[in-house]
Amino acid sequence: MNLLFCIWLWWRARVRGDVVQVMFHEVAFPFVRKPLKWNIIAIVNRIMAFVLVAASTRIYTSTSAWHSILRRYGARNRPLEVLPVPSNIGHEVDACAVANLRHTLLQDGSTSTIGHFGTYSAGIIALLVPILQLLLSRSHGVKIVLLGRGSAACLHDLLTGHPDWHGRVVAFDGLEDVEVAATLQACDLMIQPFPDGASTRRTSLMACLAAGIPTITTIGELSEPFWQTQQACAAVEVGNVERAIRIIDQWLAEPQMSNATGARGRHYYSAHFSLECAIAKILDRENATTSPAKLDVDAHG
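Here we summarise the structure given alongside this text. (Residues numbered from 1 in each chain as written. Predicted model: local features only at pLDDT ≥ 70, side-chain atom pairs only at ≥ 80, totals over all residues. Heavy atoms only, no water.)

What the protein contains, in helices and strands, is eleven helices and ten strands. The C-alpha atoms of the protein give a radius of gyration of 21 Å, which matches the 19 Å a tight globule of 301 residues would have. Sorting the 301 residues of the protein into buried and exposed places 47% on the buried side. Surface exposure of the protein reaches about 15,000 Å², of which carbon and sulfur atoms provide 57%. Charge separation in the protein, taken as the distance between the mean sites of 26 positive and 25 negative side-chain charges, equals 10 Å. (Helix = DSSP H or I, 4+ residues; strand = E, 2+ residues; numbered from the N terminus. Rg over C-alpha atoms; globule rule 2.2 N^0.38 Å. Buried < 20%, exposed > 50% of the residue type's maximum accessible area, 1.4 Å probe, protein only. Areas by Shrake-Rupley, 256 points an atom, 1.4 Å probe, with all protein chains shown as cover. Lys, Arg positive; Asp, Glu negative; His and termini not counted. Charge placed at Lys NZ, Arg CZ, Asp CG, Glu CD.)

Below, the structure is given as structure tokens:
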């Protein structure tokens, strides 16, 4: 709730004539029913966004879903441009390390590895766990790989009441980036559901695409339209467990199909979401900016 910083930026722009360019990863904390005091954050964040919009010369957003919100806060006549958030996980890894990890994962007789990478929020777990439970209950050849902070807690919850699943699910919590990259590449496919849908602000999804791993995600209220037409990954409706399972079964039965999806995902990421694309877009705009004084701000809400 750093409102004073936003006011200072507005003063720099209006009084000093500085160029202020803002990147909104998120605009504001949502209003909630409980606890009520959190709504103070939501109100102050919206005031901050209003002040930043008034101060800014150019506004970037992590997804086009924020454009309508920012226009309500005064950005009707301001240029708004999407800068997809690129993966911060390297995808160039040691092939031997990947092979060794995959051998370790499958040494119990499993034939395929299915992973999830994220922070395991309640909304995502509610979508992920039903898919994993169905996979584990009907197939003994599947090894589930939970990757990211919070994965150990998710593993504990998943195994509660199912002692026979012990060893068929593994969790890697708090790995270094290079270990995350290797573990991603050791997976045959990834399941990346989001309660508000896939969007260009989801870095865990970007990491899977950048690594070329066949990925299933969800279409929701904040999903950009192209997710329903692109062929970089499979996208199902939020909560559609049956369709997700059908895609998983098809990919496991036809590796050529899943490999082709992974390759398309890597190409699509490189062409639209990569860090190089973001830099090129910013530099293109920079070339059109002649003012010598400029302040850049990353506004996360």
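Still more to cover.
By the element assignment, serine 112 lies in strand E4 (residues 112–117). The residues touching serine 112, leaving out its near neighbours within four places in the chain, are Leu106, Gly141, Val142, Lys143, Asp188 and Leu252. (Contact = heavy atoms within 4.5 Å.)

Okay, a nonpolar patch on the surface next. Judged by side-chain polarity, Phe5, Trp8, Trp10, Trp11 and Val15 come together as a nonpolar surface patch covering roughly 490 Å² of accessible area. When you line up the elements, tryptophan 10 lands in helix H1 (residues 3–16). (Patch = residues over 30% accessible without salt bridge, like charges linked within 9 Å, V, L, I, M, F, W, Y side chains within 5 Å. Salt bridge = Lys/Arg side-chain N within 4 Å of Asp/Glu carboxyl O.)

Pairs can form between side chains of opposite charge once their charged atoms are near each other. Counted under the stated rule, the structure contains nine salt bridges. Where arginine 201 meets aspartate 196, a salt bridge forms, and the shortest distance between an N and an O atom there is 2.9 Å. Neither residue differs from the other here; arginine 201 and aspartate 196 are each classed as buried. A single network of salt bridges, built from pairs that share partners, joins Glu26, Asp196, Arg201 and Arg202.

Take the packing of aromatic side chains next. Under the criterion given, the structure shown has eight aromatic pairs. Between phenylalanine 226 and phenylalanine 273 the ring centres are 6.0 Å apart and the planes differ by 40°, which places this aromatic pair in the tilted class. Residue phenylalanine 226 is located in the loop between strand E8 (215–219) and strand E9 (234–237), and its partner phenylalanine 273 is located in helix H10 (residues 255–273); the two are separated by 47 residues in the primary sequence. (Phe/Tyr/Trp six-rings, centres within 6.5 Å; stacked < 30°, edge-to-face > 60°.)

Our next topic: the packing of helix H8 (residues 203–210) against H10. Their axes nearest at 7 Å, the elements H8 and H10 cross at an angle of 120°. As far as their axial angle goes, H10 and H8 are oblique. Along its contact with H8, which presents Met206, Leu209 and Ala210, the element H10 presents Gly265, Arg266, Tyr269 and Phe273. Considering only residue class, the contact of H8 with H10 consists of five nonpolar, one polar and one charged. (Axes fitted to C-alpha atoms, helices over the stretch in contact; angles between N-to-C directions. Parallel < 35°, antiparallel > 145°, perpendicular 65-115°, else oblique. Nonpolar A, V, L, I, M, F, W, Y, C, P; charged D, E, K, R; others polar.)

What follows is about helix H2 (residues 38–55). Between its first and last C-alpha, H2 extends 26 Å over 18 residues, near the 26 Å set by a 1.5 Å rise per residue. If you check which residues of H2 are buried, you get Asn39, Ala42, Val44, Asn45, Met48, Ala49, Val51, Leu52, Val53 and Ala55. (Expected span 1.5 Å × (residues − 1).)

So, on to the packing of helix H5 (residues 122–138) against helix H9 (residues 241–253). Working note: a packed helix pair is described by the angle between its axes plus the distance between those axes. At a minimum axis separation of 10 Å, H5 and H9 run at an interaxial angle of 50°. With respect to H9, the axis of H5 lies oblique. The hand of the H5/H9 crossing is right-handed. Residues Pro130, Ile131, Leu134, Leu135 and Arg138 of H5 lie in contact with H9, whose contacting residues are Val241, Ala244, Ile245, Ile248 and Asp249. (Left-handed = near helix turned anticlockwise from the far one by under 90°.)

Here we come to the sheet that holds strand E6 (residues 169–172). Strand order in the open sheet formed by six strands is E6-E5-E4-E7-E8-E9, with parallel pairing between adjacent strands. Where the open sheet ends on each side, the last strands, each with one partner, are E6 and E9. Geometrically, the sheet is characterised by an average inter-axis angle of 25° between neighbouring strands, direction not taken into account. When strand E5 (residues 142–147) meets E6, the two strands line up parallel, connected through four bridges. (Pairing = 2+ DSSP bridges.)

So, on to the pairing of E4. Where burial is concerned, most of E4 is hidden: six out of the six residues are buried. Every second residue of E4 is oriented toward a common face, with Ser112, Ile114 and His116 on one face and Thr113, Gly115 and Phe117 on the other, all of them buried. In terms of handedness, the path from E4 via H5 over to E5 forms a crossover that is right-handed. Across two bridges, the pairing between E4 and strand E7 (residues 189–192) is parallel. By the bridge assignment, isoleucine 114 is partnered in E7 with leucine 189. (Right-handed = clockwise from strand over helix to strand, strands pointing away.)

With respect to the helices and strands, alanine 152 occurs in helix H6 (residues 151–159). By relative accessible area, which is 40% here, alanine 152 ends up partly exposed. For the pair formed by alanine 152 and alanine 171, sequence separation is 19 residues and the distance between their alpha carbons is 5.4 Å. Excluding residues within four positions of it along the chain, alanine 152 makes contact with Ala171 and Asp173.

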